[in-house]
Amino acid sequence: MRLRDIRDTSVRGKRVLVRVDYNINVAGGRIRDLARIQSTVPTLRWLLAHGAGIVLVSHRGRPKGRDVRMTMRPMIRPLARAIGKKVTFFSQPIRSAALRQAIEQVRPGTLGLLENIRFDSGEERNSLVLARHLATLGDIFVNDAFADSHRGHASIVGVARLLPSFAGLLLQTEVKELTHLCGRVRRPYVAIIGGAKISTKLGVVKQLLRRTDYVLLGGALANTVLQAEGLAVGRSLTEPAMVKASAGLSVAQPRLKIPVDVIVSSGPGTIRACSVGQVGAKETIVDIGPDTVELFRRIIVKAKTIVWNGPMGRYEQPPYDRGTLAVARAIGRTPGRSIAGGGETLDAIHRSGQAPRFTFLSTGGGAMLEFLEGKILPGLRAVAQT
Ligand code: 3PG
């Protein structure tokens, strides 16, 4: 898919509405992971250098109406630091006349950030009225939010139909890197899929099984697959509704590798490694076991192309992070092309210190998976060349 590049149009003297994804965790008013902000800087710098004023729009969390806990305010300081410019915050509701008046302050070379777009209930249902309000805030629309491009929302799709609309630099890079994975790649090609829910990933797992040489499954989603194989998983997190759909997956697909052993916990501080099938009724699977780590490592180190989404266990709670960190290290040692995406995956990669060794870290989680599944993302279609 060829996208309309923002660099192919003149933005001088224009006010540009830029959709970004600053859906970032804030703990105690502070942001630990600045990647989503930093990754938008090239587009913002380009726009400012070419004489545009910028109005940024993003969502945070899944609020039901206005909710101060999910304000965009904590983004101002790190954004101002990243871009080296003052950022004006517009807290007024999107549909208000007060906002329309205040936005006049955004002159060429300056930038402002709107309050969380999901405070407006029209965002998620792609309200035309909301899209029209958004369209009054800029002369041009730029989508630089790859991570949200699987959402057919007003600030992604609706407004793009009402203004001349283009793809930002981050969006283009993401699409280029991920498109590469869908074409001819160097082999062996290995996909690693973890995380909690097989329901959201079964489609992409099946698609990757067609394209790759190996698909390695870990995390709680593998529990459902183990259960579908008739193995006891104790108190582990599973999706009973997905057991039928996951049945026979690994038997029918020898290239699909599921854990052969796991780390289980039966309470604080009580953990042990055991082979799958030996999980006690009161135990919970919290990580992949050492034999699985070794099995996965051997496959990973031979790979020439790797894609990874989803941790192998409860990585945020050491020592249950061992499997995930081992996967990150194995990829880090592999000279092939490696791409990873998803909030938790990127967090784990940063914790492992292996981030610089990856070829590309996508800001997209769900968006990346849908892209790899072969779906046409509505946000991309809205800025695609016809
Ligand atoms: C993400 O973090 O994956 C994106 O910001 C999308 O968020 P959503 O799943 O709430 O739409």
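Residues numbered from 1 in each chain as written. Predicted model: local features only at pLDDT ≥ 70, side-chain atom pairs only at ≥ 80, totals over all residues. Heavy atoms only, no water.

## Observations regarding unusual backbone geometry
Here Arg187 and Pro188 are connected by a cis peptide whose omega angle stands at 0°. Along the polypeptide, Pro188 turns up in the loop between α7 (169–182) and β9 (189–193). Note the cis peptide between Pro318 and Pro319, where omega equals 10°. In this structure, Pro319 sits in the loop between β15 (305–309) and α13 (322–332). (Helix = DSSP H or I, 4+ residues; strand = E, 2+ residues; numbered from the N terminus.)

## Observations regarding the nonpolar core
Among the nonpolar cores identified, the biggest contains 45 residues, and Phe146, Val215 and Leu217 are the most heavily contacted of them. For this core, the secondary-structure elements that each account for two or more residues are α7, β9, α8 (202–211), β10 (214–217), α9 (220–228), β12 (261–265) and α15 (366–373). Residues within four places of Phe146 in sequence aside, it is in contact with Leu171, Glu174, Val175, Leu178, Ser362, Thr363, Gly364, Ala367, Met368, Phe371, Leu377 and Leu380. Ranked by size, the runner-up nonpolar core spans 31 residues in total, among them Ile24, Ala52, Leu56 and Val142. (Core = buried A, V, L, I, M, F, W, Y, C linked by side-chain atoms within 4.5 Å. Buried < 20%, exposed > 50% of the residue type's maximum accessible area, 1.4 Å probe, protein only. Contact = heavy atoms within 4.5 Å.)

## Quick notes on the layout of surface pockets
Space left empty within the atom packing is revealed by a probe, the size of a water molecule, rolled over the atoms. Computed from the structure, the second largest pocket encloses a volume of approximately 250 Å³. Surrounding the second largest pocket, Gly29, Arg30, Ile31, Leu34, Pro74, Arg77, Pro78 and Arg81 form its lining. Among the elements of the structure, β3 (30–31) and α3 (76–83) are those that each provide at least two residues to the lining of the second largest pocket. Here the element with the most residues in the lining of the second largest pocket is α3; it accounts for 3 residues. Of the residues belonging to the lining of the second largest pocket, the class tally is 4 nonpolar, 1 polar and 3 charged. (1 Å grid on protein atoms, 1.4 Å probe; cavity = no way out; pocket = protein on both sides within 12 Å on 5 of 7 lines; lining within 4 Å. Points joined across faces, edges and corners; volume = space filled by probe spheres on them. Nonpolar A, V, L, I, M, F, W, Y, C, P; charged D, E, K, R; others polar.)

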